[in-house]
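Coordinate inspection notes
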Amino acid sequence: MSNPAVPPRSLAEALRARDDDSLAALLRARPDLITPVPTDLTQLATRAGTRASVVRALERLDLFALRTAEALAVAADPAPYAELERLLTGDAGDPAVSAALPRSLGTLREQALVWGDDDRLRLVRTARELLAPSPQHPSPTGLGPTVQEATAGMSPGRVQEIVTAAGLGSTHDAVSAVASLTALFTDRKRMSALLADLPEESRAVLSRLVWGPPYGQVTSEPAAHLRRLLDLGLLVPTAPGTVVLPREVALHLRGGRAHREVEPLPPAVEPAATHRPQVVDATAAGQAYTALATVEELLKDWDEGGPAVLRAGGLSVRDLKRTAVALDVSEPVAAFWVELAYAAGLLASDGEADERYAATPAHDEWLEQPPARRWARLAEAWLTATRTSGLVGGRDAKDRTLSALGPGLDRGAAPEVRHRVLTLLAGLPEGASPSAESVLARLRWERPQRREEDLRSRLAEWTLKEAELLGVTGRGALSGHGRALLGATAPRTRDAGSRSPGDERHGQALPGTTAPKTPDAGSQGPGNERHRRVPPGTTAPKTPDAVSQGPGDKLPVHHRPAPAAEPLSPAEQATASAAAARLLAPLLPEPLDHVLLQADLTAVAPGPLRRPLAEVLDVLADVESKGGATVYRFTPGSVRRALDAGQSASDLHAFLAAHSRTPVPQPLTYLIDDVARRHGHLRVGAASSYVRCDDDALLNEILADKRAAGLRLRRLAPTVLAAQADPASLLEGLRAMGFAPAAESAEGDVLITRAHAHRTPPRSAPEPVPDGPPVPDATLLAAAIRAVRAGDLASTTPRKQGDRPPLSTGELPRTGAAETLATMQAAVLTGEALWIGYVNAEGAASQRVIAPVRVEGGFVTAYDHTADEVRTYPLHRITGVAELAGD
């Protein structure tokens, strides 16, 4: 370890003076530094100064930390703390900036972008090169080069002319002349007097360049007011026709400030509207149920095999439009649901020769789970997925259209942005929904240097919309189960009479409440059907306790644990998802076991139906409308579909009577009996195909019908017609003519046509594509720091050199096999420690400090000081050995 009283001379020495917690913070903020683990602190410092690593670190700085780094880039190297503060606050000072500066400087130090004591602050060289002004890369500060840099190519005579014109004494060399000119430009009093003597036109030119860009164009014969600026060195020519405003001049005109706007504090995320938390939870729960129903409907539509996979991968535009129509949503929303089901592992390509999309075996397991658990799986997949449905329909770098389920939709920043947006919502009072503009402004402050800033803003906008679609938010505010999804539950103290729609049903307080609810006077009891459930897509009943508050209302501030600052680990996220499911479960509507049959051949399902009832009803009737209540319509075609599936008329009558809360209407009974009476009267088989019927008059009617011409029918026998069409086409043609034929097998039995579910082989959900190296966990950090410390101890321990030349840093000792063996045996007798070079089985070289205990059989057993344990090393892998200079 270095002496903390001695100022560090390099970044490696500064890192060497840190404790393990500080090193862990560095590696956590910049995980690329331990991929792979460096051998020692010198290598760690070298890696921390590489361009790729510094660029990544700068991109993750907030606006004020970045402004601090930019100010250091235009300050002297090294710069005292006072100079840095003046560059950020200006001559007039700024208490807010002064108060925030220690935090931003601490961030830069923690991430090894700045090192040194307060009197000698140094920006890492690579960061200075990236942020300092240059003609090729203008500084974000808008400042230009210093007087010394601007006059570097100027002749000594011209420099002396500028010094004389400025009223300074002539010097014997250009270096002292430039120093004299710099002293003038940095002297506030003398500089003010110099500028006061300039004409108004000259000052106007300087004012146009003061905040950047500092470069301007002049003609070969500049006007008098420009000539005056050139003569005084206030503008310095850098190329023919180009002049620059020196940095010292610009700083004086700016009042010493390096930036026009500093913004030391992040912009607040302001609430745009406020609702009662119960209303938010109820709305989010209704939307969560709608999300489950939508995904189920999507997978049911693809149950027998979905759309074909494009040759380049993904879903065609036509298939996406067809899916959007089936789900009754827009195409972007349909792309979101398709991508969500894919991210959750519920659908994938089947891998067949005629490759199609279909549900996976995991879909069947998912359907068996309780609704809240099913929602939690979708929400967790959305929160952690890198695939971004908002990009569907756009263009990639090669100008190819990005398709749903296709390649090119992964964006590594998506999980971080989603988590951060929801965390900002969690920081608001419960029930408060922010404006999108304030959220985007906050994200821009937190990551101003991102190369994909536009994508980051779009990701935030998509997050707000998708969270509402999925039921993570309600009315724009984060719900209780959405808060739990982030890893923080929200203890809530409700008013004495307020409740969510699920409270009456369960007769107890929801998770997170403090006491069971006491019904208000006049409130509906548990037996009242209107309050037993929340239909999908609806909100809580309008009661005095479940309405949004007006502008003058004030909600109590509830204590709530803050969510994690970074996305959770997989194990932590699984725990958070389970907690979210527990909070959501009481709010979801309970499945019903009945429908309401009406005389107009419709059935109304006032809420979600139990799965067996819903499956039979989907076959027996067609869905006419959806919403809070689903309306089914019975038609001859739908009844025939049920009969084709093996149901009999008596089965259908019994089913409707058992599940209807109203009497079965007579028109529906007649419809079922009429279709059943004609069902199977005609038989279709394969001849190419044939029709047989015991009623020859009916066959005569078919032959006489002009619509049968395309089927090319002919009579084989009084009760048999042959056709040139295949059985399926013949079946559809006769049905289109108004008949109700049934298909039969080769044995003459009626074929029961049931839909056969098509499943892919077992598929795993797509792996997220990380945005850079993952953040290491505590175990990896501890092991990495221990290895780095050990390697640093081996590389910095003083050694006896003898007659050999000193080794350079990182170079392994080299000795012959006989000398290595003799030195080891001597160290066993004396108990001294040795410094060795070692190459492991993978070829990785390292330096170690060991105390040999035993040498035999080609191995040395020794206490390894760098690993703090006893180890055995093969002698043939030891490159050399050297004695240590001290204990």
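Up top you'll find the structure we're talking about.
Residues numbered from 1 in each chain as written. Predicted model: local features only at pLDDT ≥ 70, side-chain atom pairs only at ≥ 80, totals over all residues. Heavy atoms only, no water.

Quick notes on the layout of surface pockets
Our working rule: Cavity and pocket criteria rest on a 1 Å grid covering protein atoms alone: a 1.4 Å probe that fits but cannot get out defines a cavity, protein on both sides within 12 Å along at least 5 of 7 lines defines an open pocket, and an atom within 4 Å of a point defines a lining residue. Grid points are joined across faces, edges and corners, and a volume is the space filled by probe spheres set on the points. Strands here mean DSSP runs of E at least two residues long; helices mean DSSP runs of H or I at least four residues long; both are numbered from the N terminus. Three residue categories are used. Nonpolar comprises Ala, Val, Leu, Ile, Met, Phe, Trp, Tyr, Cys and Pro, charged comprises Asp, Glu, Lys and Arg, and polar comprises the others, including Gly.
Considering only enclosed or pocket space, the second largest pocket measures out at about 1,900 Å³ in volume. What lines the second largest pocket is a set of 47 residues, and nearest its centre among them are Arg-60, Glu-416, Glu-566, Pro-567 and Val-775. Among the elements that line the lining of the second largest pocket, the one with the most residues is helix α21 (residues 414-426), at four residues. Class assignment of the residues belonging to the lining of the second largest pocket gives a composition of 21 nonpolar, nine polar and 17 charged.

Side note on the pairing of strand β19 (residues 720-723)
Note the cut-off: When DSSP finds two or more bridges between two strands, those strands count as paired.
In this structure, strand β17 (residues 689-692) lies alongside β19, joined through four bridges in antiparallel fashion. Looking at the pairing, Ser-689 lines up with Ala-723 of β19. Here strand β18 (residues 714-717) runs beside β19; their pairing, made up of three bridges, is antiparallel. Bridged to Ala-717 within β19 is Val-720.

Some details on the pattern of salt bridges
Let me state the cut-off plainly: For salt bridges, the criterion is a side-chain nitrogen of Lys or Arg within 4 Å of an Asp or Glu carboxyl oxygen. With a 1.4 Å probe rolled over the protein chains alone, any residue whose accessible area is under 20% of its type maximum counts as buried; one over 50% counts as exposed, and the rest are partly exposed.
This structure, assessed with the given rule, holds 37 salt bridges. As a salt-bridge pair, Glu-161 and Arg-158 come within 3.2 Å of each other at their nearest N and O atoms. Of this pair, Glu-161 and Arg-158 are both found in helix α10 (residues 156-165), three residues apart, which corresponds to roughly one turn of the helix. On the accessibility criterion, Glu-161 (48% relative accessible area) is partly exposed. What you see here is one network of salt bridges that share partners, running through Arg-60, Glu-416, Arg-447 and Arg-456.

Concerning the side chain of Arg-735
The line we're drawing: Throughout, a contact is declared for two residues whenever any of their heavy atoms are within 4.5 Å.
Within the secondary structure, Arg-735 sits in helix α32 (residues 727-736). Arg-735 has contacts with Arg-640, Asp-644 and Pro-741, leaving out every residue within four places of it along the chain.

Examining empty space enclosed by the protein
With the rule as written, the count across this model stands at four cavities of 30 Å³ or more. Of the volumes computed, that of the largest cavity is approximately 140 Å³. Along its surface, the largest cavity is lined by 15 residues, and Trp-382, Arg-387, Ser-389, Arg-418 and Glu-466 are the ones closest to its centre. Of all elements in the fold, only α18 (331-343), α21 and α23 (453-470) reach the threshold of two or more residues within the lining of the largest cavity.

Overview of α10
Just so we agree on the cut-off: What the arc describes is the spread of directions from the helix axis to the C-beta atoms.
Buried within α10 we find Val-159, Gln-160, Ile-162 and Val-163. Across the axial projection of α10, the buried residues extend over an arc of 160°, all falling on one side. Close packing links the buried residues of α10 with α11 (174-185) and α14 (224-231).

Here's the deal with the packing of helix α29 (residues 649-659) against helix α30 (residues 666-678)
Rule in force here: Every axis corresponds to a line fitted to the C-alpha atoms, with the helix fit spanning only the stretch in contact, and the corresponding angles, defined between N-to-C directions, vary from 0 to 180 degrees. Should an angle fall under 35 degrees it is called roughly parallel, over 145 degrees roughly antiparallel, and 65 to 115 degrees roughly perpendicular, with every other angle called oblique. The sense of a crossing depends on the near helix, which, turned anticlockwise from the far helix by less than a right angle, makes the crossing left-handed and, turned clockwise, makes it right-handed.
Contact pair α29 / α30: the axes reach a minimum separation of 10 Å and the direction vectors enclose 160°. By the angle class used here, α29 and α30 are roughly antiparallel. Crossing handedness for the pair α29 and α30: right-handed. Residues Ala-649, Leu-652, His-653 and Leu-656 of α29 touch α30, and the partners they reach there are Leu-668, Thr-669, Ile-672, Asp-673 and Ala-676.

A few points about the environment of Glu-261
When you line up the elements, Glu-261 lands in the loop between α15 (247-253) and β6 (271-274). Since its relative accessible area comes to 53%, Glu-261 is described here as exposed. Taking the C-alpha atoms as reference points, Glu-261 and Leu-88, 173 residues apart in sequence, are found 9.3 Å from one another.

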